[in-house]
Amino acid sequence: MNRIVERFDRLKHSGQKGFIVYIGAGDPDLEATRRLALAFDRAGVDVLELGVPFSDPLADGVVNQLAAQRGLESGATPTKVLNTVAAIRRDSNLPIVLYIYFNLIHRMGLEKFIRQAARAGVDGLLVLDLPPEEGERYESLMRRAGLCPIYLLAPTTPEDRMEFIVKRGAGFIYYISREGVTGMQAKVAANLEEQVAKIRSHTPLPVAVGFGVSNPEQARQVASAADAVVVGSAVVNQIARHGKSPQLVKRTAGFVESLASAIKNPGPARIH
């Protein structure tokens, strides 16, 4: 069974919410990425999203754009990111999703990239700029390789299109809780519960909510409505802050652990 599917099955049976963390691969370098992944596994992360550095990250806000730039400067390439996943796999079964733009896949060749991703130990792909209408061959190759094609839904997605998209995805549905690009926000979207309920009416897949979750209290609020919480920019910001400090992994993992605790023990928090 795919590791993402297995993890969400386990979470459902134990009555727990999932915790997904995004970081830019190669920020500040690929060895740090490997060490962070192992520390996140110990800290309670359920799925790791690795952003493959790209020169034009159109869906990303400034924090993640800078992470992509640092990744490029450190020499991270799609092939080296896959090698890093294989290195993580020697010590961890943490489910891994690559957050990637289609140009990078196209450059290597769709079939070759998916085959090599599966061989490295990747469990799913989140291709930011591939419309589902253009994804038939991609989805077929993904299914054959045992990987999950992860799709995004936005607050502006019409319900008929929402119904179309969720039928194409696997593993989980990623709901972008806000319009715009990635980035930390001061509060959780007010209509989150309503939007998650609408998505659930069209699919049995877990609904993961991201874009803007910045601290343990927000993570707790989102966990009360969603099946999983995605935190990206706030973690990437920790990596930027500690850079190449010897304390990078310890400090970042400590922050991640505080988020994991809030998500796994959400208490009575409500969105307000």
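Preceding this paragraph is the structure being described.
Conventions adopted
Residues numbered from 1 in each chain as written. Predicted model: local features only at pLDDT ≥ 70, side-chain atom pairs only at ≥ 80, totals over all residues. Heavy atoms only, no water. Helix = DSSP H or I, 4+ residues; strand = E, 2+ residues; numbered from the N terminus. Buried < 20%, exposed > 50% of the residue type's maximum accessible area, 1.4 Å probe, protein only. Lys, Arg positive; Asp, Glu negative; His and termini not counted. Salt bridge = Lys/Arg side-chain N within 4 Å of Asp/Glu carboxyl O. Contact = heavy atoms within 4.5 Å. Pairing = 2+ DSSP bridges. Arc of directions from axis to C-beta.

J.: With reference to specific residues and values, describe the side chain of Glu49.
T.: Structurally, Glu49 is set in strand E2 (residues 47-51). The side chain of Glu49 is buried and forms no salt bridge, while Arg89, the nearest opposite charge, is found at 14 Å. Sequence-distant contacts of Glu49, that is, excluding residues within four places in its chain, are made with Ile20, Val21, Tyr22, Ile23, Val97, Tyr99, Leu126, Tyr174 and Val230.

J.: I'd love a proper account of the pairing of strand E1 (residues 18-24), names of residues and values included.
T.: Taking burial as the measure, the seven residues of E1 include seven buried ones, the bulk of the element. Covered by surrounding structure in E1 are Gly18, Ile20, Tyr22 and Gly24 together with Phe19, Val21 and Ile23, the residues of both alternating faces. Strand direction decides the pairing type here: E1 and strand E9 (residues 228-231), joined by four bridges, are parallel. Each residue of the ladder has a partner; that of Phe19, found in E9, is Val229. Relative to E2, E1 runs parallel, the two being bridged by five bridges.

J.: So what's going on with the sheet that holds E2? Which residues, and what values?
T.: Across the sheet, which stays open at both edges, the nine strands sit in the order E5-E4-E3-E2-E1-E9-E8-E7-E6 with parallel pairing between neighbours. Across the chains shown, the open sheet's two edge strands, defined by having one partner strand only, are strand E5 (148-149) and strand E6 (151-153). As paired strands, E2 and strand E3 (residues 96-100) are joined by four bridges and run parallel to one another. If you follow Leu50 over to E3, its bridge partner there is Leu98.

J.: For helix H8 (residues 159-166), give the residues involved together with the corresponding values.
T.: Within the span of H8, buried status applies to Met162, Ile165 and Val166. The arc enclosing the buried residues of H8, seen along the axis, measures out at 90 degrees, which places them on a common side. Next to the buried residues of H8 lie E6, strand E7 (173-176) and helix H9 (192-200).

J.: Could you give an account of the environment of Ala37, with specific residues and numbers?
T.: Here Ala37 lies in helix H2 (residues 30-43). Looking at Ala37, the relative accessible area reads 0%, which means it is buried. Residues Ala37 and Glu49, spaced 12 residues apart in sequence, show a C-alpha to C-alpha distance of 9.7 Å. For Ala37, the contacting residues outside a window of four places in its chain are Leu48, Ile88 and Leu94.

Geometry only, nothing functional implied.
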